[in-house]
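The chain contents come next:
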Amino acid sequence: VQLQASGGGLVQAGDSLRLSCAASGSIDRIAVMGWYRQAPGKQRELVARVNNGGSTYYADSVKGRFTISRPSAGMTVYLQMNSLQPDDTAVYYCNARSRGTLPAQYWGEGTLVTVSS
């Protein structure tokens, strides 16, 4: 599975951005897709994820502001980010996890989101 993320950029506080991540390869292996982020000097953290059934999870810090979607459990996952704040500044990474008892993790290259105050 290969993941290609896009959509990052420089915005002002209160603005919106939409990140996209396109999966290719053995996408039938994928059970969950999501987004992580890593801010300077901090550990990588889970932002949001969605499984093939459409169930979603959000970190408390983004609930009500971010929306993850994966239409028809297809090849692309989106992260709509509204009301962005400087604390959202980070490199955002697309992630996919395979099915099975020992799931494999796949990562895309990060896309930088910078929110100025």
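The rules behind these values
Residues numbered from 1 in each chain as written. Predicted model: local features only at pLDDT ≥ 70, side-chain atom pairs only at ≥ 80, totals over all residues. Heavy atoms only, no water. Phe/Tyr/Trp six-rings, centres within 6.5 Å; stacked < 30°, edge-to-face > 60°. Lys NZ or Arg CZ within 6 Å of the ring centre and 35° of its normal. Disulfide = S-S within 2.5 Å. Helix = DSSP H or I, 4+ residues; strand = E, 2+ residues; numbered from the N terminus. Pairing = 2+ DSSP bridges. Axes fitted to C-alpha atoms, helices over the stretch in contact; angles between N-to-C directions.

Thoughts on the packing of aromatic side chains
In step 1: Enumeration over the complete set of coordinates arrives at 1 aromatic pair.
In step 2: Against the face of Trp107 rests Arg44, its NZ or CZ located 4.7 Å from the ring centre.
In step 3: Against the face of Tyr57 rests Arg49, its NZ or CZ located 4.8 Å from the ring centre.

Notes on the state of the cysteines
In step 1: Under the criterion given, the structure shown has 1 disulfide.
In step 2: Between the sulfur of Cys21 and that of Cys94 lies a disulfide, 2.0 Å long from S to S. Sign of the S-S torsion, about -85° for the bond between Cys21 and Cys94, identifies this disulfide as left-handed. A residue pair is termed long-range when its members are at least 10 positions apart, and Cys21 in strand E3 (residues 17–24) and Cys94 in strand E9 (residues 90–98) qualify at 73 residues.

Some words on the sheet that holds E3
In step 1: Strands sit in the order E1-E3-E8-E7 across an open sheet of 4 strands; the sheet is antiparallel. Single-partner strands in this sheet number two, and they are strand E1 (2–6) and strand E7 (66–69). The average angle at which neighbouring strand axes cross in this sheet is 15°, direction not considered.
In step 2: One ladder, built from 5 bridges, connects E1 with E3; its direction is antiparallel.

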